[in-house]
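Observations on the three-dimensional arrangement
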Amino acid sequence: MQDIFDNWIIQVRKGILELTVLTALADKDRYAYELVKSITQIPGLGISEGTIYPLLSRLRVQGLVATRLEESPEGPARKYYSLTKEGKETLHMMDAYLDSILKGVHALRNRKEEK
Amino acid sequence: MTRWTNGAEELWQQFRNEARKRLNQSDIDADEVLDDLQRHIETELNAQKLEVVTAEDMKKVLNRLELPQANTPKAPVPASPAASSPVIEKQKLPYHAMLSSLGGFYIIVFGVLLPVAAATFELLTRLCSTVFFDPLPTIWHVGLFLMIPVFNLGGYCAVKYGTKDSIRKVGFLNGIAIGNALFYTLWFLPILPFSGIAVTFMGLGLCGLAPLLSFIACLIVRKRLHLLAAAQNLRKVPLFWPGFGCGFGILLLLIVPALFSVIGLNMAVSVQPAVQNRGLWLLRNFSSKRYLLERCYNTRNVKPFGIDITGTADISSEKIRGIYYRVTGKSFNTERPRTSFLHRGNAWIDDWDFEQAGDVVGGQLRNLSLVSSQMDANLQADGAVGYLEWIMVFQNDHLWTEREARCQVQLPPGGVVSRLTLWIDGQECEAAFGGREQTKGAYKSVVQRRRDPVLVTTKGPDQVLVQCFPVPSNSGKMKVRLGISFPLDLVSSEEALLQLPYINERNFQMPPTTEHRLWIEADGPLSAKLGLTAESTEGKYAIRGAVTNAQLEQQAASVRVTRNPQVSSVWAKREFDNETVAVLQQLHNNKGRALIEKAVVVVDTSKSMASHITDIANVITTLNVDFNIDIVAANDTLKTTAFADKNELKKLFHKSNFKGGKDNLPALVHAWDIASQSANAAVIWIHSAQPHIFDEVDPLVQRWNRRPDGPKLIHIQTSPGPNVVIESLDGIQQVDVFSRSASLKDDLGRLFGQLNGTVPTYKFVRQEILPTQIDTSMKQASSHIVRLWANEKVQTMRAKRSNAGQSEAKAIAVKHQLVTPVSGAVVLENAEQYDQHDLRPVDPETVPTIPEPATIMLLGVGGLIAVHFRKKTHRQ
């Protein structure tokens, strides 16, 4: 039983990872350290920093995010990430898809409760 | 600066190597990730503010960091939303239920049906156009307005039944509908209160609310499209702004000319010259000429209920006609607004002839046209005199409205109308000649009773106004004949010239195919550059054929006749009941001395002059004359230059923008003042048509009244059309027209040559003699010479400006049956009408004819002789 749940959690985490990164960048551009920290602090997501950097690299190659380097007053230069137009569209699609699924699932639950 | 110990450095390198191994197994850029990780570690250690990073510190950081995993799932590759959406399958959507609710009903009723009904109602009745403004002035407006219901219906169906089309397309079209509906809502905003009141209290006026209600419907459609977009994994409906921009922007662009026309009109009637000029600039460059033309014809924005949202309703059509001339350089009645289903205007206004029985030609009327035109003329070369009969047939194709045909005819220079005939029931009815006001009064009174009159009165020098009423409706016709006696203009002692008469201004249609049939006979060889056929038999010469109206309107449309240069004096006589009037005509010519000391050339800078300005500049700058020349450009601002400075002259013309029509009156006054400083000067006015004057002509008239021998005004018109300035100067003897016979360049050369004395000027002097003084050794000429003498005498008597002089002038004109400034000719229907106005139609035996009576007699005698010889030969 626990194995099944653990496996399900891993699948959900994997599935939701890109959405999480893109959502973190939806409202503003963030530099890598800040971005990674904000994601790793999401409770239950259980993702390490070392996992996120390869994902960011892949998203950049896929054209969903763009990067730029800016000097920092307190430490090494910061690598800023921002959503591209494709990244925004993808995020909207993911959002809508997830909403649709969840609405459907909730609708099933509501119907069950009505019965 | 943080320093790493060797142990820390070693740990990092181990981590780095291991991470690279893992990353190299994937398609991830290992260098980038490792750089990112190093930057992360440095940032983290920097945040801890460690001066020395030990192996222990590094271990803690790396443990938390964890080695990178290369098997993170790939993100979906972006593609078109529809293609990438697993949800766009034909399935029932949960929001369908919403469309069956009130929103769906609203969309269909107010977003689809109401706009269609409103557009149909407006197109059929033109109610809004009549009372407020025209919301559908062009087919483009109709199309754009109908996009609102069409796209609303499309949006409704897309949501209700699902769509195979891209949501982008539907979103774009909905954007257009919203743009259109918002535009019309704003446009109708001023009349929304009226519509609201009408709907509330009378249950009418829903059409006025159609834009607002359909705009709301568009927004409801938009809201539902958001649901469709969400189902296609889009956060919002795409392409709203491009669609909105198209819908709103195109309508905005379409209305801009009309908007500028209204603004420009309001400015152009300002009393402040600066504002007026800015208004004219706006109108010349950005206005809708069609809008202005419709306003000239009263077919647009005439508010029967006094509601005007443009603020221009109180501007009279006469003022707008003047503005139209200043904007376009043309008289408004050179064309008529297009009529179509959309532009049919207000039928009751459009069919109304505001100028009927008035003193002006006015606007062109629908369905009234000149269907036949015939000119027959006889020229007597040696006497340099001629007579021409112009028969015109008008046809009225209006189904029920009788029409008055009006036109202003430009006579040959020095010509006078000496016969007027109207065909009533197939019978030729000759006119009565009487005092100007007497004949006008008779005409107006009969027109009011809708009977058959025709009236001819002068309309300035060498111009007459012809009015005939009624041209019967339903393809009825009216036939009139105008007889004109005229002198020939001598180009040289061997050649005389007839400048053909033409219609200067008219209220009827003349299709481009309209032809005038010409048949001109003379006692000398004839020639013309009009493609006519020349014939000659036994000393009689003829030229005949058909010319188009465009040919006739050319300023140099003329016929030349060769004459005997030895004949310099002729005599003529006319028999009346109890007397014979004999006239001696002698030819004088001037050559060898300049006629003037100074010339002031006024050049009109209206639009139609642009094509002539090079010729004018070339002639003026190459002149070799003995008198001084100043140039005045009749521009919006007066500018003068001396002839000697060619560069200044070029600058003067260059600065003139040749746009629209210019008010030449101030320039003429200015030129008169310059010319009057010399004892013997002339103002030479080179101009296009001048259909309007904007100030009183009194300042110019006053100058000649105070100085009757002041500067002479010689005017040369370059294009056909009315000239109200010259009309207003009627009776001033110093005003003279230069008879055109060739290109403008050649004519100007001839004029300046004549003024300089290098080209001979021929002038006929006619004087009355006693019949007993007739020198029968001299050649007898046509009796038209007597009519021309009488016409000159009328002008002389009239110039005396005394009551006795006026009465005498009128008596002479009536006696000789002439249309002059003091007399007119009118044909009435019956004897009772003549009696009522104390008029008598002329005896048909006394009117001039073609062929002339003398010719008929000669032909008769010739015929008898021919028959006699034929019989004799036959007997032999």
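Quick notes on the rules
- Residues numbered from 1 in each chain as written.
- Chains lettered and ligands numbered in written order.
- Predicted model: local features only at pLDDT ≥ 70, side-chain atom pairs only at ≥ 80, totals over all residues.
- Heavy atoms only, no water.
- Helix = DSSP H or I, 4+ residues; strand = E, 2+ residues; numbered from the N terminus.
- Buried < 20%, exposed > 50% of the residue type's maximum accessible area, 1.4 Å probe, protein only.
- Contact = heavy atoms within 4.5 Å.
- Areas by Shrake-Rupley, 256 points an atom, 1.4 Å probe, with all protein chains shown as cover.
- Pairing = 2+ DSSP bridges.
- Axes fitted to C-alpha atoms, helices over the stretch in contact; angles between N-to-C directions.
- Expected span 1.5 Å × (residues − 1).
- Patch = residues over 30% accessible without salt bridge, like charges linked within 9 Å, V, L, I, M, F, W, Y side chains within 5 Å.
- Salt bridge = Lys/Arg side-chain N within 4 Å of Asp/Glu carboxyl O.
- Parallel < 35°, antiparallel > 145°, perpendicular 65-115°, else oblique.
- Left-handed = near helix turned anticlockwise from the far one by under 90°.
- Nonpolar A, V, L, I, M, F, W, Y, C, P; charged D, E, K, R; others polar.
- Polar contact = N/O pair within 3.5 Å; in protein donor to acceptor, adjacent residues only side chain to side chain.
- Lys, Arg positive; Asp, Glu negative; His and termini not counted.
- Phe/Tyr/Trp six-rings, centres within 6.5 Å; stacked < 30°, edge-to-face > 60°.
- Lys NZ or Arg CZ within 6 Å of the ring centre and 35° of its normal.
- pLDDT = per-residue confidence, 0-100.

**Considerations on the overall build of chain A**
- Of regular secondary structure, chain A possesses four helices and three strands.
- Each helix (α) and strand (β) of chain A, taken in turn from the N terminus, gives the series α-β-α-α-β-β-α.
- Here chain A, with 115 residues, has 40% of them falling under the buried criterion.
- Put simply, of all contacts in chain A between residues at least 6 apart along the chain, 45% involve residues at least 24 apart.
- Element-wise, carbon and sulfur atoms account for 55% of the exposed surface of chain A, whose accessible area totals about 6700 Å².

**A look at the sheet that holds strand β1 (residues 30-31) of chain A**
Residues and elements named next belong to chain A.
- On the basis of which strands lie adjacent, the open sheet formed by three strands has the order β1-β3-β2 and antiparallel pairing. The open sheet has two free edges, formed respectively by β1 and β2 (65-70), since each of these has just one partner strand.
- Looking at chain direction, β2 and strand β3 (residues 78-83) are connected through six bridges and run antiparallel. Bridging from a neighbouring strand, V65 pairs with L83 of β3.

**Some words on the sheet that holds strand β13 (residues 495-499) of chain B**
Residue and element names in this part refer to chain B.
- Read across the open sheet, the four strands follow the order β12-β13-β19-β16; overall the sheet is antiparallel. Looking at the sheet topology across the chains shown, the edges are occupied by β12 (489-492) and β16 (526-528). Here the average twist between neighbouring strands, direction ignored, is 30°.
- Sheet analysis places β12 next to β13, joined by three bridges and oriented antiparallel. The residue bridging D489 from the neighbouring strand is L497, located in β13.

**What to know about helix α24 (residues 744-756) of chain B**
Residue and element names in this part refer to chain B.
- Spanning 13 residues, α24 covers 18 Å between terminal C-alpha atoms, matching the ideal 18 Å at 1.5 Å per step.
- Within α24, 10 of the 13 residues are buried, leaving the element largely enclosed by the surrounding structure.
- Turning to α24, its buried residues number three or more, namely L744, D747, L748, R750, L751, F752, G753, Q754, L755 and N756.
- Looking one or two residues beyond α24, the residue adopting positive phi is G757, at roughly 85°.

**Some remarks on a nonpolar patch on the surface**
- A cluster of nonpolar side chains, A:F5, A:W8 and A:V12, forms an exposed patch at the surface whose accessible area comes to about 310 Å².
- Secondary-structure assignment places A:W8 in helix α1 (residues 2-24).

**Focus: the packing of helix α25 (residues 784-799) of chain B against helix α26 (residues 803-815) of chain B**
Residue and element names in this part refer to chain B.
- At a minimum axis separation of 8 Å, α25 and α26 run at an interaxial angle of 165°. In terms of axis orientation, α25 runs roughly antiparallel to α26. Note on packing geometry: the crossing formed by α25 with α26 is left-handed. The segment α25 lies against α26, with A790, K793, V794, M797 and R798 engaging G805, Q806, E808, A809, I812 and A813.
- The residue inventory of the contact of α25 with α26, partitioned by class, reads six nonpolar, two polar and three charged.

**Some thoughts on the pairing of strand β15 (residues 515-522) of chain B**
Residue and element names in this part refer to chain B.
- Burial along β15 is one-sided: H516, L518, I520 and A522 are buried, while E515, R517, W519 and E521, pointing the other way, are not.
- With six bridges joining them, strand β3 (residues 368-380) and β15 adopt parallel strand pairing. Paired with L379 across the two strands is A522, which belongs to β15.
- The pairing of β15 with strand β18 (residues 540-548) spans eight bridges and is antiparallel.

**Observations concerning the pattern of salt bridges**
- In the structure shown here, the tally under the stated rule is 35 salt bridges over all chains.
- Residue A:D29 is joined to A:R68 by a salt bridge in which the shortest nitrogen-to-oxygen separation is 3.1 Å. Taken together, the positions of A:D29 in the loop between α1 and β1 and A:R68 in strand β2 put the pair 39 residues apart, joining distant regions of the chain.
- Residue classification places A:R68 among the partly exposed positions, given a relative accessible area of 34%.
- For B:E430, the salt bridge is made with B:R419, and the minimal N-O distance between the two is 2.6 Å. Of the two residues, B:E430 sits in strand β7 (residues 427-430) while B:R419 sits in strand β6 (residues 416-424), which places them 11 residues apart along the sequence. As far as burial versus exposure is concerned, B:E430 and B:R419 are alike and both buried.

**Let's talk about the environment of A:K79**
- Take A:K79: it is sitting in strand β3.
- For A:K79, a relative accessible area of 10% gives the class buried.
- Distance in space between the C-alpha atoms of A:K79 and A:L69 is 4.5 Å, their sequence separation being 10 residues.
- Dropping the residues within four chain positions of it, A:K79 is found in contact with A:R30, A:Y31, A:A32, A:T67, A:R68, A:L69, B:E32, B:D36 and B:R39.
- A polar contact is formed between the side chain of A:K79 and the side chain of B:E32, at a distance of 3.0 Å.
- For A:K79, the side chain forms a polar contact with the side chain of B:D36, separated by 3.1 Å.

**Description of the side chain of B:D462**
Residues and elements named next belong to chain B.
- Here D462 lies in the loop between β9 (454-458) and β10 (463-471).
- No salt bridge forms around the buried D462; measuring N to O, its nearest opposite-charge neighbour R766 is 11 Å away.
- Residue contacts for D462: discarding those within four places in its chain leaves V409, Q410, L411, P412, P413, G414, G415 and V737.

**With respect to the packing of aromatic side chains**
Residue and element names in this part refer to chain B.
- Per the counting criterion, the structure on display carries 19 aromatic pairs over all chains.
- Considering the side-chain rings of Y325 and F694, the 6.3 Å spacing of their centres and the 15° angle between planes classify their relative orientation as stacked. With a gap of 369 residues between them, Y325 in helix α15 (residues 317-328) and F694 in the loop between β25 (681-687) and α22 (698-706) connect regions that are remote in the sequence.
- Accessibility expressed as a relative area gives 0% for Y325, which makes it buried.
- Site record: aromatic cluster; members linked through ring pairs are F145, F183, Y184, W187, F188, F240, W241, F244 and F248.
- Sitting over the face of the ring of W423, K479 holds its NZ or CZ atom 4.5 Å from the ring centroid.
- For the cation-ring pair, K815 lies above F576, with the distance from its terminal atom to the ring centre recorded as 5.0 Å.

**Structural notes on the confidence of the model for chain A**
- Residue-level pLDDT values for chain A average 84, and 95% of them are 70 or greater.
- Mean pLDDT values over the elements of chain A span from 83, in helix α4 (residues 85-114) of chain A, up to 90, in β3(A).

**Examining the environment of A:S48**
- Relative to the assigned elements, A:S48 resides in the loop between α2 (32-40) and α3 (49-61).
- Accessibility expressed as a relative area gives 10% for A:S48, which makes it buried.
- Note: C-alpha distance between A:S48 and A:K37 (11 residues apart in sequence) is 9.3 Å.
- Once you skip the residues sitting within four places of it in the chain, A:S48 turns out to touch A:T40, B:R64, B:L65 and B:E66.

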